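Remarks on the overall topology
Here are the chains, one letter per residue:
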Amino acid sequence: MTRHIPVLLEETIDELHLTKGNMVVDVTLGGGGHTREILKRHGRVIALDADEDALARFQTHAQSDPVLKRALTDRSLVLVRANYSTLDEVLEHAGVELCDAIVADLGFSSDQIEEGERGFSFLHSGPLDMRFDRTTELTAEKIVNTFSAAELSRIFREYGDESEAKRIALAIEISRREKSIMTTEELREIITQAYPKGKRRGMKIHPATKVFQALRIAVNHEFEHLESFLSQALKHLKPSGRLAIITFHSGEDGLVKRFFKNQARGCICPPKFPVCICGRKPAIKIVTKKPIMPNATEIKNNPRSRSARLRVVEKL
Ligand SMILES: C[S@@+](CC[C@H](N)C(=O)[O-])C[C@H]1O[C@@H](n2cnc3c(N)ncnc32)[C@H](O)[C@@H]1O
């Protein structure tokens, strides 16, 4: 069973412009919501996830879902445990050079948040882990207990837009002198106490929200992997193939937007040049001039979708 409700499902799959037999790569399988919809529309899917537990959960769930069970049996669905930053290798290994569409639905799934032992949520007690791939070394506990206050402050500001970054980083540094910070509750408490009381009162979100998000991004090197994935993804699309990315916060969305804008640019010669000498041609067409966002009904049914933004491009 998966608790994850796929976000912008219809919008994403419609924008992929799939036809029967198309080959699609879903680089963030999670609960398999997007993968399932593609399979229903007669696509073939290679689905990746960095999290072994996500793949295992999906395989168990697939046994009671006829669409997924059949796809796994006839190999129209192939599962791979891999980071999407290794897309080149994954596709080479699968013997696929070009595909018709690629979809990425970034961040974590509801299944991962709900499991306290993964340490993603300040609402559940657990160790400060936050790794998607539990074979990697860096954990949130290591960052919180060993990074300098200056480095912590940078992480909270850059990855979480946290206005109290410095104050929280200092509170962490003072607290860990007494005793290492090991659990989500301990960290939540330190952040809450560090927040100015007046500011805390008027907040719509919990004071720990942004710091937890920032730590997750740092632990999983999310921005670096996303950048690396984006440039690999374009290489593997057929002409007219589409790439759809769903992001959940402004830093990620900004990165995707800038990358797309840059790839959609043609000539970069200075305007005073009478003729183009750079020879640069646009690699993609931007399909969504403005990102697609969930409507009020989706946000009501799935509040987690409220910050989602979908951007789609087409390979030229
Ligand atoms: C938002 S969920 C995907 C949900 C899915 N689209 C659905 O509808 O059920 C994101 C998934 O991406 C995985 N993930 C995050 N970063 C990854 C990375 N760099 N490489 C591969 N998978 C990653 C997470 O483990 C998580 O399962």
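Residues numbered from 1 in each chain as written. Predicted model: local features only at pLDDT ≥ 70, side-chain atom pairs only at ≥ 80, totals over all residues.

Thoughts on the domain arrangement of the chain
Put simply, the rule is: Either an automatic procedure or a domain database provided the assignment from which the domain bounds are taken. Working definition of a contact: two residues with C-beta atoms, positioned from the backbone, lying within 7 Å. Each helix is a run of H or I in the DSSP string that is no shorter than four residues. Each strand is a run of E no shorter than two, and both are numbered from the N terminus. Lys, Arg, Asp and Glu make up the charged group, whereas Ala, Val, Leu, Ile, Met, Phe, Trp, Tyr, Cys and Pro make up the nonpolar group; the residues left over, Gly among them, are polar.
Annotation of the chain at the domain level lists domain 1 (9-111 + 222-315) and domain 2 (134-219). Distance between the C-alpha centres of domain 1 and domain 2: 31 Å. Across the contact, 6 residues belong to domain 1 and 5 residues belong to domain 2. Elements that contribute at least two residues to the side of domain 1 that touches domain 2 include exactly helix H13 (222-235) and helix H14 (250-263). For the side of domain 1 that touches domain 2, the per-class residue count stands at 1 nonpolar, 3 polar and 2 charged.

Quick notes on helix H10 (residues 184-194)
Note the threshold: Each residue is classified by how many other C-beta atoms fall within 10 Å of its C-beta atom, where C-beta atoms are placed from the backbone; a count of 20 or more means buried, 12 or fewer means exposed, and values in between mean partly exposed. An arc is given here, and it is the one of the directions from the helix axis to the C-beta atoms.
Buried within H10 we find Thr184, Leu187, Ile191 and Ala194. For H10, the angular spread of the buried residues around the axis is 100 degrees, confining them to a single face. Against helix H7 (140-146), helix H9 (165-178) and helix H12 (209-219) lie the buried residues of H10.

Side note on unusual backbone geometry
With a phi angle near 45 degrees, Leu8 is a residue other than glycine that sits in the positive phi range. Looking at where Leu8 falls in the secondary structure, it is placed in the segment before helix H1 (9-15). Within the chain, His42 stands out as a residue other than glycine whose phi angle is a positive 65 degrees. Here His42 shows up in the loop between helix H2 (33-40) and strand S2 (44-49).

Some points on the pairing of strand S7 (residues 309-315)
Short version of the rule: Paired strands, as defined in this entry, are two strands with at least two bridges between them according to DSSP.
With 6 of 7 residues buried, S7 is to be regarded as a mostly interior element. Strand direction decides the pairing type here: strand S5 (residues 237-247) and S7, joined by 6 bridges, are antiparallel. When the bridges of S7 are listed, Arg242 appears paired with Glu314. Summarising the sheet, strand S6 (residues 284-286) and S7 pair through 3 bridges and their orientation is antiparallel. The residue bridging Ile284 from the neighbouring strand is Lys315, located in S7.

Some thoughts on the sheet that holds strand S3 (residues 77-81)
Inclusion rule: Convention adopted: a line fitted to C-alpha atoms gives each axis, helices being fitted over their contacting stretch, and angles between N-to-C directions are expressed from 0 to 180 degrees.
The 7 strands lie next to each other as S3-S2-S1-S4-S5-S7-S6, forming an open sheet whose pairing is mixed. In this open sheet, the two strands that pair with only one neighbour each are S3 and S6. Sheet twist, expressed as the average angle between the axes of neighbouring strands with direction ignored, equals 20 degrees. Inspection of the sheet shows strand S1 (residues 23-26) paired to S2 by 4 bridges, in the parallel sense. If you follow Asp26 over to S2, its bridge partner there is Ala47.

A short note on the nonpolar core
How we decide: The term nonpolar core refers to a set of buried Ala, Val, Leu, Ile, Met, Phe, Trp, Tyr and Cys residues connected through C-beta atoms within 7 Å.
Counting residues in each nonpolar core, the largest one holds 49 residues, and the members touching the most others are Val24, Val27, Ile102, Ala104, Phe229 and Leu243. Once residues lying within four places of it in the same chain are set aside, the contact partners of Leu243 are Ile102, Ala233, Leu234, Leu237, Val312 and Val313. By size, the runner-up hydrophobic cluster in this structure holds 26 residues, among which are Ala140, Tyr159, Ala169 and Ile191.

Overview of the site of the ligand
Rule in force here: Contact assignment follows one rule, namely that a residue is near a molecule or strand if its backbone-placed C-beta atom lies within 6 Å of it.
Taken together, 23 residues lie near the ligand, and Pro6, Thr28, Gly30, Gly31 and Gly33 sit nearest. Of all the secondary-structure elements, those providing two or more residues to the shell around the ligand are H2 and S2. Along the lines of polarity and charge, the residues of the shell around the ligand split into 8 nonpolar, 12 polar and 3 charged.

Remarks on the packing of H9 against H10
Applicable threshold: The labels follow the angle: roughly parallel below 35 degrees, roughly antiparallel above 145, roughly perpendicular from 65 to 115, and oblique for the rest. When the near helix sits turned anticlockwise from the far one by under a right angle, the crossing is termed left-handed; a clockwise turn instead gives a right-handed crossing.
It is at 9 Å that the axes of H9 and H10 come closest, and there the two elements cross at 125 degrees. When the axis of H9 is compared with that of H10, the two are oblique. Both H9 and H10 take part in a crossing whose hand is right-handed. Across the interface between the two elements, Arg167, Ile168, Ala171, Ile172 and Ser175 from H9 touch Ile190, Ile191, Gln193 and Ala194 from H10. Here the residues of the contact of H9 with H10 are counted per class, giving 6 nonpolar, 2 polar and 1 charged.

Focus on H9
The criterion, for reference: Helix span, as expected, comes to 1.5 Å for every residue beyond the first.
With 14 residues, H9 should cover 20 Å at 1.5 Å per step; its first-to-last C-alpha distance of 21 Å lies within 8% of that length. Packing partners of the buried residues in H9 comprise H7, helix H8 (149-160), H10 and H12.

A few points about the environment of Val256
Summarising the element assignment, Val256 is placed in helix H14. A count of 23 C-beta atoms within 10 Å places Val256 in the buried class. The spacing of Val256 and Gln232 is 24 residues in sequence and 13 Å in space, taken between C-alpha atoms. In this structure Val256 touches Ile245, Thr247 and Arg311, once residues within four positions along its chain are discounted.

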